[in-house]
2 protein chains.
Amino acid sequence: MIKIVVDCFGGDHSPEANIEGSLSALDKFKDLSLILTGDESVIKSKLEGKEYDADRLQIVHAPDVIGCDEKPTDAIRLKKESSMIKAIRLLRDEDDIAGMVSVGSTGALVAGALTRIGVLEGVIRPAFCPILPTMNGGIVGICDSGANVEVTAAYLKQFAIMASLYLENVYGIQNPRIALLNVGKEAEKGDSIRQETYRTLSELPCINFVGNMESRDLLSGSYDAVICDGFSGNVLVKTTEGTAVELLLKVKETIFSRTIYKIGALFQKKMFADLKSFMNYQNYGGSVLLGTSKVVVKGHGSSKAVAVEKCIEQAYRMEASSLSEKITAALDKYDHYEG
Amino acid sequence: MIKIVVDCFGGDHSPEANIEGSLSALDKFKDLSLILTGDESVIKSKLEGKEYDADRLQIVHAPDVIGCDEKPTDAIRLKKESSMIKAIRLLRDEDDIAGMVSVGSTGALVAGALTRIGVLEGVIRPAFCPILPTMNGGIVGICDSGANVEVTAAYLKQFAIMASLYLENVYGIQNPRIALLNVGKEAEKGDSIRQETYRTLSELPCINFVGNMESRDLLSGSYDAVICDGFSGNVLVKTTEGTAVELLLKVKETIFSRTIYKIGALFQKKMFADLKSFMNYQNYGGSVLLGTSKVVVKGHGSSKAVAVEKCIEQAYRMEASSLSEKITAALDKYDHYEG
């Protein structure tokens, strides 16, 4: 049995989306059991009338909620009765709990995970690794997408090893193609950190390093994961998301500006639905935090039930594939590897 | 008369696009005169049969071309007979030449401009400031988009002052809204450079600083210019471009996958043309280099005639508005301003 704790509050569609997503995950994985944290009476009322295996669902009462605009360090220190901190403490204290899922404040989750959960042996800093869809129907991971605004080449090396293992073990991608985000393809591009990382990754036998990637190629399908500092990774992910959303809005706005376009759109209803579904990040789950000593998955604040279900699935698959053990072993062997 | 030198080679559509763009610009601005550098016989043969004011067009022979994959420092040292280096040397040596336009190697142009042209008094480092279209029909500048992969808060402060003056003087935007690219809206977000820059820009009376911008809001129309280091600026611009291109390809591919979608598209031909034109960076000219002692405009390598014409127009308007003098004066007054 794989046990995961789900923070049921803190998102735009909480707690309904969190609870519904939890029930779907329970239905999908028969060896999964969940603990839901949050206001018990609210959760119980939302569960009423739903069908689920009650033996695999437990509620832990936590009446408080951390808001997205609260200062993370204050929140984790003061809001001990919040659904997120309760989840973090359960994860820390209970040996049989493998991981947690939250769609609440990113800052509080990172701060809480770092101070309460800690990192795997050998890991310098954990890194976020969200997944985006590529244009040929595949996926691409971005590591780090924001946990570390400043990095060194040693961090980036670890991000590459962790992301490669994640893509292989959780998404079944053999020999993932790992690229370094840079301002050009050539080895000497970028700052000294990028140049050093390029050399290090080129010599690392445990990953399939394919060189520098320019950000315009992110969705091309030529890469399985791209390694970057959290600042530019954040820019990469949010720009992709922002441009896609704005562009689809523009298409929609243009269509509704003239009747003849609307007539055209009648023939394409399914197409627009397909495109929207393709660009719908809800379908790709959340951003896992790689390198923490227990599994932590952060869903988008706007997560609906399907996204929460995917986050739980990510946590489940990380645990089922013993990803943490594999990361520890790889870092032990390759972190100080000198070619 | 405003005199500008146009490097006629080095782009995907050179020299035809460069020559055609030059003729359009000459036609548009009657007080503009151009010098074209490149293989004289080739340029002459392309000019044959075209109508233009020969008094305002001069050719300077330069038989060589710098390739995009050549090492910039070698290229500017060894390829003295190339169209780009000839243009740079003319700009340096002739007092009456105000600026230059090139669609060739970015690296060679930056290196050449830095070593041969130099910077305006008070400028630490020049920065690129390309323009992108926003979703509400406006524009947004990104400064720096790649000339400086490493920066300090002092650089970013200068980029903000220069970009603000550029948007105001060349695009007629009154009191441009200047934002700092960051991983969140709050003042304390980002690394120490971003935090310091936030404080500095907040206190600077000569610009309209509106706070941090998250990259997903780049095209929203809420900002006139966003200030960033060249690494993340490069990611920002190329990701926007890449996502837009990939998404429109996806729409096209989806349409051609089913007859019924194609029928719909018949009603929307003009709409797709409008969208394509909207996302067509050719219409927005090139990336100006702010802070060099004479005007330098870098067009995209794939520039067609319309883009080259826009680049020349940018150089023309920079000179016509005395942008350099205004930058020098503003830096003199505000660069060491302490609130």
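Not measured: the values here are computed from a predicted model. (Residues numbered from 1 in each chain as written. Chains lettered and ligands numbered in written order. Predicted model: local features only at pLDDT ≥ 70, side-chain atom pairs only at ≥ 80, totals over all residues. Heavy atoms only, no water.)

J.: Tell me what's going on with the overall build of chain A, and back it up with residues and numbers.
T.: Each helix and strand counted, chain A has 12 helices and 12 strands in total. Expected size for 339 residues packed as a compact globule is a radius of gyration near 20 Å; at 21 Å, chain A falls within 12% of this value. The C-alpha extent of chain A, read off along each of the three principal axes, is 60 × 60 × 35 Å. Taken across its 339 residues, chain A has 59% of its residues classed as buried. (Helix = DSSP H or I, 4+ residues; strand = E, 2+ residues; numbered from the N terminus. Rg over C-alpha atoms; globule rule 2.2 N^0.38 Å. Buried < 20%, exposed > 50% of the residue type's maximum accessible area, 1.4 Å probe, protein only.)

J.: Quick rundown of empty space enclosed by the protein? Include the residues and the values.
T.: Taken as a whole and judged by the stated rule, the model has three cavities of 30 Å³ or more. In this model, the largest cavity occupies a volume close to 60 Å³. In terms of lining, the largest cavity is formed by Leu120, Leu289, Leu290, Gly291, Thr292, Lys294, Val295, Met318, Leu323, Ser324 and Ile327 of chain A. Looking at the lining of the largest cavity, the elements with two or more residues in it are strand 11 (287–290) and helix 12 (323–334) of chain A. With three residues, the top contributor of residues to the lining of the largest cavity is helix 12 of chain A. Its residues assigned to classes, the lining of the largest cavity shows seven nonpolar, three polar and one charged. There is about 40 Å³ of room inside the second largest cavity. Residue lining of the second largest cavity: Leu120, Leu289, Leu290, Gly291, Thr292, Lys294, Val295, Met318, Leu323, Ser324 and Ile327 of chain B, and that is the complete set. (1 Å grid on protein atoms, 1.4 Å probe; cavity = no way out; pocket = protein on both sides within 12 Å on 5 of 7 lines; lining within 4 Å. Points joined across faces, edges and corners; volume = space filled by probe spheres on them. Nonpolar A, V, L, I, M, F, W, Y, C, P; charged D, E, K, R; others polar.)

J.: How would you sum up the confidence of the model for chain A? Please name residues and give values.
T.: Mean pLDDT over chain A: 92, with 94% of residues reaching 70 or higher. Here the predicted complex scores 0.90 on pTM and 0.86 on ipTM. (pLDDT = per-residue confidence, 0-100.)

J.: So what about unusual backbone geometry? Which residues, and what values?
T.: Residues and elements named next belong to chain A. In this structure, the amide linkage connecting cysteine 143 to the following residue, aspartate 144, adopts the cis form with an omega of 15°. Despite not being glycine, asparagine 175 has its phi angle at roughly 50°, a positive value. As for its placement among the helices and strands, asparagine 175 is situated in the loop between helix 6 (153–171) and strand 8 (177–181). Its relative accessible area of 55% is what places asparagine 175 among the exposed residues. Although it is not a glycine, serine 322 adopts a positive phi angle of roughly 55°. Structurally, serine 322 is set in the loop between helix 11 (305–320) and helix 12. By relative accessible area, which is 32% here, serine 322 ends up partly exposed.

J.: A description of the packing of helix 6 of chain A against helix 7 (residues 192–203) of chain A should follow, citing residues and the corresponding values.
T.: All names here are of chain A. Between helix 6 and helix 7, whose axes approach to 9 Å, the crossing angle comes to 45°. Overall, the two elements helix 6 and helix 7 adopt an arrangement that is oblique. The chirality of how helix 6 crosses helix 7 is right-handed. When helix 6 is examined against helix 7, the residues Ala153, Leu156, Lys157 and Ala160 are found in contact with a partner set consisting of Ile193, Arg194, Glu196, Thr197, Thr200 and Leu201. Here the residues of the contact of helix 6 with helix 7 sort into five nonpolar, two polar and three charged. (Axes fitted to C-alpha atoms, helices over the stretch in contact; angles between N-to-C directions. Parallel < 35°, antiparallel > 145°, perpendicular 65-115°, else oblique. Left-handed = near helix turned anticlockwise from the far one by under 90°. Contact = heavy atoms within 4.5 Å.)

J.: Could you give me a rundown of the pairing of strand 9 (residues 208–213) of chain A, with the residues and numbers involved?
T.: Residues and elements named next belong to chain A. Where strand 8 lies against strand 9, four bridges are found, and the strand directions are parallel. Pairing of isoleucine 178 across the sheet is with phenylalanine 209, part of strand 9. Once the chain exits strand 8 it traverses helix 7 before rejoining the sheet at strand 9, and the crossover so formed is right-handed. (Pairing = 2+ DSSP bridges. Right-handed = clockwise from strand over helix to strand, strands pointing away.)

J.: Summarise the sheet that holds strand 6 (residues 131–133) of chain A; cite the residues concerned and give the values.
T.: Residues and elements named next belong to chain A. Spatially, the five strands line up as an open sheet ordered 6-7-10-8-9, and their pairing is mixed. Only two strands of the sheet have a single neighbouring strand rather than two, namely strand 6 and strand 9. Here the strands of the sheet are splayed against their neighbours by 30° on average, with no regard to which way each runs. With respect to the sheet, helix 6 is in contact with strand 6, strand 7 (139–143), strand 8 and strand 10 (225–227), its orientation differing from that of strand 10 by roughly 165°.

J.: Lay out the side chain of asparagine 182 of chain A with the relevant residues and their values.
T.: Along the chain, asparagine 182 of chain A falls in the loop between strand 8 and helix 7. Residue classification places asparagine 182 of chain A among the buried positions, given a relative accessible area of 1%. At a separation of 3.1 Å, a polar atom in the side chain of asparagine 182 of chain A contacts the main-chain carbonyl oxygen of lysine 189 of chain A. Excluding residues that lie within four positions of it along the chain, asparagine 182 of chain A makes contacts with Lys189, Gly190, Arg194, Asn212, Met213, Glu214 and Ser215 of chain A together with Phe231 of chain B. (Polar contact = N/O pair within 3.5 Å; in protein donor to acceptor, adjacent residues only side chain to side chain.)

J.: Before we move on, could you go through the pairing of strand 8 (residues 177–181) of chain B and cite the residues and values that matter?
T.: All names here are of chain B. In terms of burial, strand 8 is largely enclosed, as four of its five residues are buried. Bridge analysis of strand 8 against strand 9 (residues 208–213) gives five bridges, and the strand direction is parallel. Bridge pairing in strand 9 links leucine 181 to methionine 213.

J.: Describe in detail helix 11 (residues 305–320) of chain B, supporting the description with residues and values.
T.: Across its 16 residues, helix 11 of chain B extends 22 Å between first and last C-alpha, which sits within 8% of the 22 Å expected from 1.5 Å per residue. At the C-terminal side of helix 11 of chain B, serine 322 of chain B shows a positive phi close to 55°. (Expected span 1.5 Å × (residues − 1).)

J.: Account for the packing of aromatic side chains, naming residues and giving values.
T.: The relative placement of two aromatic rings is captured by the distance of their centres and the angle of their planes. In this structure the tally under the stated criterion is eight aromatic pairs over all chains. Ring geometry for tyrosine 166 of chain A versus tyrosine 171 of chain A: centroids 5.5 Å apart, planes at 90°, classification edge-to-face. A residue is classified by how much of its surface remains accessible, and tyrosine 166 of chain A, at 0% relative accessible area, is buried. Arginine 194 of chain A extends its terminal NZ or CZ atom over the ring of phenylalanine 231 of chain B, reaching a point 4.1 Å from the ring centre. (Phe/Tyr/Trp six-rings, centres within 6.5 Å; stacked < 30°, edge-to-face > 60°. Lys NZ or Arg CZ within 6 Å of the ring centre and 35° of its normal.)

J.: Describe the environment of aspartate 93 of chain B, naming the residues involved and giving the relevant values.
T.: All names here are of chain B. Residue placement: aspartate 93 occurs in helix 4 (residues 83–93). Judged by relative accessible area, which is 46%, aspartate 93 ranks as partly exposed. Here the alpha-carbon distance between aspartate 93 and isoleucine 117, two residues 24 residues apart in the chain, equals 9.2 Å.

J.: Describe the environment of aspartate 93 of chain A, and please don't skip the residues or the numbers.
T.: As for aspartate 93 of chain A and arginine 116 of chain A, which are separated by 23 residues in sequence, their C-alpha atoms are 9.6 Å apart. Here the side chain of aspartate 93 of chain A touches arginine 92 of chain A through a polar contact of 2.8 Å, side chain to side chain.

J.: Go over the packing of helix 1 (residues 16–28) of chain B against helix 11 of chain B, please, and point to the residues and values.
T.: All names here are of chain B. Across the interface, helix 1 lies against helix 11 with an axial gap of 7 Å and an inter-helix angle of 50°. Taken together, the axes of helix 1 and helix 11 lie oblique to each other. Note that helix 1 runs across helix 11; the crossing there is right-handed. Where helix 1 abuts helix 11, its residues Ala17, Asn18, Glu20, Gly21, Ser22, Ser24, Ala25 and Lys28 lie against Ala305, Val308, Glu309, Ile312 and Glu313. Taken together, the residues that form the contact of helix 1 with helix 11 break down as five nonpolar, four polar and four charged.

J.: Mind laying out the sheet that holds strand 11 (residues 287–290) of chain B, listing which residues take part and the relevant values?
T.: Residue and element names in this part refer to chain B. Strand order across the open sheet formed by seven strands is 3-2-1-4-12-11-5, with mixed pairing between neighbours. With one partner strand each, in any of the chains shown, strand 3 (57–61) and strand 5 (127–129) form the two edges of the open sheet. For this sheet the average axis-to-axis angle between neighbouring strands, irrespective of direction, equals 25°. Strand direction decides the pairing type here: strand 4 (residues 97–102) and strand 12 (residues 295–298), joined by four bridges, are parallel. In the sheet register, methionine 100 faces strand 12, and the bridge partner there is valine 296. Each of strand 2 (32–38) and strand 3 is contacted by helix 2 (residues 40–47), which is oriented at about 150° to strand 3, the strand it contacts most. Contacting strand 1 (2–7), strand 2, strand 3, strand 4 and strand 12, helix 4 runs over the sheet at an angle of about 165° to strand 4.

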